[in-house]
Amino acid sequence: EGMAPPKKILFPPEKICMVWQQRQSAGAGLFNVGNTCFLNAVLQCLTYTPPLANYLLSREHSRACHQQGFCMMCIMEAHVNKVLHSSVSAILPLAVLKVFTRKPLQGLWQLFFPSRVRELQTSFFSGIGEHFQPGREEDAHDFLCCTVNAMQRACLSASSDLDTSSQSTTIVHQIFGGFLRSRVTCFSCKAISDSYEAFLDVPLDIKAASSLTAALEDFVTPEHLDGENCFKCNKCKKNVAASKRFTVHCAPKVLTVCLKRFDCFTGGKISKVVEYPELLDLRPYMSQADGEPLLYSLYAVLVHSGVSCHGGHYFCYTKASNGLWYQMDDESVELRCIDTALRQQAYLLFYAR
């Protein structure tokens, strides 16, 4: 509704499987190779995303990939297969970089050699986002966004000049992507102006919210446009007061939420408790709020411990394919109960339909 249909379907939606096709306990932990806890936590959350893991475990991407050099989907495919099929307690997250270096690695000792690790990190980060620096603590949400965008670019590498709707038919966008609707209503003539924006995650302000549902309520609450912020109405032909409201127009299969704990100017952190449920109904926040519940189940929680974005530590809780929850803290993987996973100072939340 209100959006042009795609001219080309890049991945058949019926092939996306939302339930695990292989059931097992949690896989390997990830060694920290120099302030890489942010990377480890994000990779673990992505590894236990059922529809993504199912696709990567099939190795369908690498069999068809002709991309030269860096390919984030090939890297993720190798990584997920290594983690979930590993019989050891921990592996090196950057070992998967051999996928694009195209050079044989003569044993794990080379990866422990500092200059080799730094070389791999530099190549890896430059392929995702040039602002990342090896050895420096980075923001997990920023890294998640850049990683998912890099996977999206990899899925589009064989196509060119695609319309926006067609670009949203990759396996990555069909899993993580949705569309927001921005509706502006003129107070003078009541004219309605709609625009649509693709998203891969939803950042939520938590300054005035004590729960995820309260933050979502704030997100869809209409904003008053007036004064310097007034709206130029095409029907009235002048600047007028209006209301602007965001709603989720097309819901993603996997909903990724960022609770905005960090002040982008001071780096300070909002450390208060923000409650989040195991089951979330997204229906009240949709453009079409009437209808059957749109239920999502929590499967991963990424946590930041520390007082600011300039330091601290990242770890996560993930739900493995056996239905049990695990705390993943770099190389440590320990069984936990769902109640523990629900009582964390969450930074990123991952829900699957």
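The written sequence of each chain sets the order in which its residues are numbered from 1. Reporting in this predicted model follows two pLDDT cut-offs: at least 70 for local features of residues, and 80 or more for side-chain atom pairs to be given and counted; totals over whole chains, interfaces and linings ignore these cut-offs and use all residues. Hydrogens are left out, water is left out, and the side-chain values use all remaining heavy atoms of the structure.

- Per an unreviewed UniProt entry, the protein chain goes by the name UBP42 hydrolase and belongs to Notiomystis cincta.

## Thoughts on the confidence of the model for the protein chain
Reading predicted coordinates in detail is not appropriate for stretches of low pLDDT.
Here's step 1: A residue's pLDDT is simply how confident the predictor is in it, with values from 0 to 100. Model confidence for the protein chain is summarised by a mean pLDDT of 88, while 91% of its residues fall at 70 or above.
Here's step 2: Contacts are assigned to residue pairs with any non-hydrogen atoms lying within 4.5 Å of each other. Of the regions scoring below 50 in pLDDT, residues 98-113 engages in 28 contacts with residues more than four places distant in sequence or in other chains.

## Some points on the pairing of strand 13 (residues 313-319)
One face of the sheet, then the other: side chains in a regular strand alternate in exactly this way.
Here's step 1: Burial within strand 13 is extensive, with 5 of its 7 residues counted as buried.
Here's step 2: Both strand 12 (residues 295-305) and strand 13 contribute to a ladder of 6 bridges, which runs antiparallel. Its bridge partner lying in strand 13, Leu302 is registered against Cys316.
Here's step 3: Judged from the 4 bridges that link them, strand 13 and strand 14 (residues 325-329) form a sheet pairing that is antiparallel. Residue pairing across strands places Cys316 opposite Met328, the latter belonging to strand 14.
Here's step 4: Note on pairing: two strands pair once DSSP finds at least 2 bridges between them. Put simply, DSSP H or I for four residues or longer makes a helix, DSSP E for two residues or longer makes a strand, and each gets a number counted from the N terminus. Between strand 13 and strand 14, which pair antiparallel and follow one another directly, the connecting turn spans 5 residues, one of which, Gly323, has a positive phi of 85°. With a 1.4 Å probe rolled over the protein chains alone, any residue whose accessible area is under 20% of its type maximum counts as buried; one over 50% counts as exposed, and the rest are partly exposed.

## Quick notes on the side chain of Thr256
Here's step 1: Structurally, Thr256 can be placed in strand 10 (residues 254-260).
Here's step 2: By relative accessible area, Thr256 is classed as buried at 3%.
Here's step 3: Other than its neighbours up to four places away in sequence, Thr256 contacts Leu144, Phe176, Leu200, Asp201, Val202, Leu349 and Phe350.

## Comments concerning the environment of Tyr317
Here's step 1: Tracing the backbone shows Tyr317 in strand 13.
Here's step 2: When the C-alpha positions of Tyr317 and Val184 are compared, they lie 39 Å apart, and in sequence the two are 133 residues distant.
Here's step 3: Beyond its immediate stretch of four places on either side in the chain, Tyr317 contacts Tyr299, Ala300, Val301, Val303, Trp325, Tyr326, Gln327, Arg336, Thr340, Ala341 and Gln344.
Here's step 4: Polar contacts here mean pairs of N or O atoms no more than 3.5 Å apart (in protein, one a potential hydrogen donor and the other a potential acceptor; neighbouring residues in sequence count only if both atoms are side-chain atoms). Polar contacts involving the side chain of Tyr317 include one to the side chain of Gln344, which spans 3.3 Å.

## Quick look at unusual backbone geometry
Here's step 1: You will see that Asn35, though not glycine, has its phi angle at about 60°, which is positive.
Here's step 2: The topology assignment puts Asn35 in the loop between strand 1 (29-30) and helix 1 (37-47).
Here's step 3: One non-glycine residue, Arg59, lies in positive phi territory at about 60°.
Here's step 4: As for its position among the elements, Arg59 is in the loop between helix 2 (50-57) and helix 3 (60-64).

## A word on the environment of Gly34
Here's step 1: By the secondary structure assignment, Gly34 is in the loop between strand 1 and helix 1.
Here's step 2: It is 24 Å that separates the C-alpha atoms of Gly34 and Ala300, two residues lying 266 residues apart in sequence.

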